[in-house]
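Residues per chain, in single letters:
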Amino acid sequence: MSGRPQVAEVAKPAPRRIALLGVGTVGRALLERLRALDDPRLPLGLVANSRRRLPLIGASSPRAWPDALAQGEPHDGSGALPGLAPGDIVVDATASAELAAWHPRWLRQGLHVVSANKLGLGGPLLRQHEIRALATDGRHYGDAATVGAGLPLLRTLRELRAGGDRIGAVVGVLSGTLAWLFDGYDGCEPFSARVRAAVAQGYAEPDPRVDLSGEDVCRKLLILARTAGYPLEQAEVRVDSLLTPALAAAAPDHVDAALAELDGPLAERAARTARDGKVLRYVARFDAAGARIGLEALPADDPLAVGRGCDNRVAIWSTRYRDRPLQIQGPGAGAEVTAAALLDDLLRIVAS
Ligand SMILES: NC(=O)c1ccc[n+]([C@@H]2O[C@H](COP(=O)([O-])OP(=O)(O)OC[C@H]3O[C@@H](n4cnc5c(N)ncnc54)[C@H](OP(=O)(O)O)[C@@H]3O)[C@@H](O)[C@H]2O)c1
């Protein structure tokens with residue numbers, strides 16, 4: 001007998017499979033990243049859009065999935081995902097309210113969840129509480145892509161609180177689209193033309209009212225505020241929408257024509273703001289006194305005014321950052337950075 005110690009064979013745990021729901025701009029960018037990374041710890045097991053899904057057929061490479069999906073089996077868009085087992089990871093790359101309601105159910109089933117969908121943590125407060133309560137004991141809920149597309153915003157708030165800080169206030173430019181629209185806007189060019197350019201270049205949603213209504217920013221503010229220890233419901237946030245009543249009510253075919261309604265009032269406001277040496281920014285803020293979102297005139301050297309393009313900018317006041325806020329700034333929109341944030345969360349889960 002040799003003197004070498006006998007080492008028992010330990011069975012390797014099966015790789016966690018990933019179910020990707022949503023193969024739009026963000027979902028496709030994530031597939032590309034998974035393909036480039038080619039990490040055996042991240043096998044894709046299911047890909048679905050709202051109409052088709054490819055069922056679990058064992059671990060397989062991301063390369064095969066996007067084209068095959070068109071030949072997948074019919075899917076009703078539900079969150080019931082047969083074949084998944086505890087330990088598997090559901091990635092929600094949709095904006096579906098129906099799927100957001102599944103987030104707590106998936107966690108209860110022992111699945112991990114990684115979401116770009118803001119309606120999970122930014123929907124009803126009760127759901128956010130459920131998710132936070134369930135994402136324990138080895139079950140993970142990845143939220144890095146929901147606000148700031150992976151900028152270290154939620155993580156920082158959590159770490160500050162874990163270190164004993166109380167968050168006093170958060171103020172930010174949270175919409176990359178609205179940041180882009182107001183970057184350099186002086187009222188000379190029609191605002192509607194900027195909105196059309198933003199849609200054409202993919203910065204804004206196909207229906208730009210999703211951005212202009214402040215609804216998307218409100219979801220992000222709710223997620224930030226709740227993470228910071230402010231249990232706000234949507235009704236408690238004062239949202240000053242950029243939409244006029246007619247634009248808000250316009251049928252999809254008439255939105256483009258109705259955009260011109262914004263031109264006069266916003267040009268006037270931009271001119272007045274420029275005369276005061278200030279710039280317009282769409283700002284979200286909360287503190288102990290309340291939460292509000294709307295267009296503000298800021299001094300040109302205000303930290304929230306100096307970012308460029310689609311940058312998100314956020315200032316955080318807390319116990320340790322009492323006099324001068326902690327500031328976080330960087331690209332906070334776009335499929336690439338959002339997909340990278342989803343992948344970061346996936347890697348954190350498989351490394352846990
Ligand atoms: N685009 C960005 O730059 C960006 C940045 C940050 C965060 N996000 C967030 O990321 C999410 C996805 O954005 P996106 O731009 O990729 O949207 P998108 O291009 O409109 O794609 C949405 C995808 O979700 C699918 N889907 C919708 N309902 C579904 C359901 N019930 N079950 C399965 N799939 C469903 C759609 O399928 P069908 O084609 O069948 O409808 C489509 O594949 C959104 O929550 C968005 O707010 C996006």
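The name an unreviewed UniProt entry assigns to the chain is homoserine dehydrogenase, from the organism Arenimonas terrae. The annotation that UniProt attaches to the chain under Cofactor (unreviewed entry) is "a metal cation". UniProt, in its Sequence similarities (unreviewed entry) section for the chain, records the words "Belongs to the homoserine dehydrogenase family."

As a further point, take the overall build of the chain. In terms of helices and strands, the chain carries 14 helices and 13 strands. For the chain, whose C-alpha radius of gyration is 22 Å, the value lies close to the compact-globule estimate of 20 Å for 352 residues. Overall, the C-alpha framework of the chain stretches about 90 × 50 × 35 Å when taken along its three principal axes. In the chain, buried positions account for 51% of the 352 residues. Residue pairs at least 24 apart in sequence account for 64% of intrachain contacts in the chain once pairs closer than 6 positions are excluded. Total accessible area on the chain is roughly 16,700 Å²; 53% of this is exposed by carbon and sulfur atoms.

Our focus in this paragraph is the UniProt feature "binding site: NADP(+)" (unreviewed entry) in the chain. In this numbering, the UniProt entry assigns the feature "binding site: NADP(+)" (unreviewed entry) to G22, V23, G24, T25, V26 and G27. Residues from the annotated list that form part of the lining of the largest pocket: G22, V23, G24, T25, V26 and G27. Secondary-structure assignment places V23 in the loop between strand 1 (18–21) and helix 1 (25–37). Since its relative accessible area comes to 12%, V23 is described here as buried. Beyond its immediate sequence surroundings of up to four residues, V23 is in contact with R28, L31, V47, A48 and L69.

The sheet built from six strands is open, its strands ordered 9-11-10-8-12-13 with mixed pairing. Looking at the sheet topology across the chains shown, the edges are occupied by strand 9 (237–239) and strand 13 (326–331). The average undirected angle you get between the axes of adjacent strands in this sheet is 25°.

Take the environment of L343 next. With respect to the helices and strands, L343 occurs in helix 14 (residues 335–351). Placed 130 residues apart in sequence, L343 and S213 show a C-alpha to C-alpha distance of 30 Å. With residues up to four places along the chain from it excluded, the contact list for L343 reads L30, R33, L34, L37 and L42.

Close contacts around the ligand come from 21 residues, with V26, S50, R51, G77 and T94 the closest. A distance of 2.8 Å is found between an oxygen atom of the ligand and a side-chain nitrogen or oxygen belonging to R51. Within the contact set of the ligand, an oxygen atom lies 2.8 Å away from a backbone nitrogen or oxygen of T94. Surface burial for the ligand is 73%, taken as the share of its 910 Å² of free accessible area covered by protein chains. Here the ligand occupies the largest pocket.

It is worth spelling out the sheet that holds strand 6 (residues 112–115) at this point. Spatially, the seven strands line up as an open sheet ordered 4-3-2-1-5-6-7, and their pairing is mixed. Only two strands of the sheet have a single neighbouring strand rather than two, namely strand 4 (73–74) and strand 7 (141–142). The pairing of strand 6 with strand 7 spans two bridges and is classified as parallel. Bridge pairing in strand 7 links V113 to Y141. Relative to the sheet, helix 1 contacts strand 1, strand 2 (44–48) and strand 5 (89–92), its axis offset from that of strand 1 by approximately 150°. Sitting on the sheet, helix 14 is in contact with strand 1, strand 5, strand 6 and strand 7, with an inclination near 160° to strand 6.

Pairs may arise between side chains of opposite charge once their charged atoms sit close together. Enumeration over the complete set of coordinates arrives at 19 salt bridges. The residue E189 makes a salt bridge to R194 at a minimum N-O spacing of 3.0 Å. Exposure remark for E189: the relative accessible area of 36% places this residue in the partly exposed category. Its relative accessible area of 12% is what places R194 among the buried residues. One salt-bridge network, in which partners are shared between bridges, spans K118, D216 and K220.

Rules used throughout
Residues numbered from 1 in each chain as written. Predicted model: local features only at pLDDT ≥ 70, side-chain atom pairs only at ≥ 80, totals over all residues. Heavy atoms only, no water. UniProt positions renumbered as here; feature names shortened; annotations may be inferred. Helix = DSSP H or I, 4+ residues; strand = E, 2+ residues; numbered from the N terminus. Rg over C-alpha atoms; globule rule 2.2 N^0.38 Å. Buried < 20%, exposed > 50% of the residue type's maximum accessible area, 1.4 Å probe, protein only. Contact = heavy atoms within 4.5 Å. Areas by Shrake-Rupley, 256 points an atom, 1.4 Å probe, with all protein chains shown as cover. 1 Å grid on protein atoms, 1.4 Å probe; cavity = no way out; pocket = protein on both sides within 12 Å on 5 of 7 lines; lining within 4 Å. Pairing = 2+ DSSP bridges. Axes fitted to C-alpha atoms, helices over the stretch in contact; angles between N-to-C directions. Near = heavy atom within 4 Å. Polar contact = N/O pair within 3.5 Å; in protein donor to acceptor, adjacent residues only side chain to side chain. Sits in = over half its atoms within 2 Å of the grid points. Salt bridge = Lys/Arg side-chain N within 4 Å of Asp/Glu carboxyl O.

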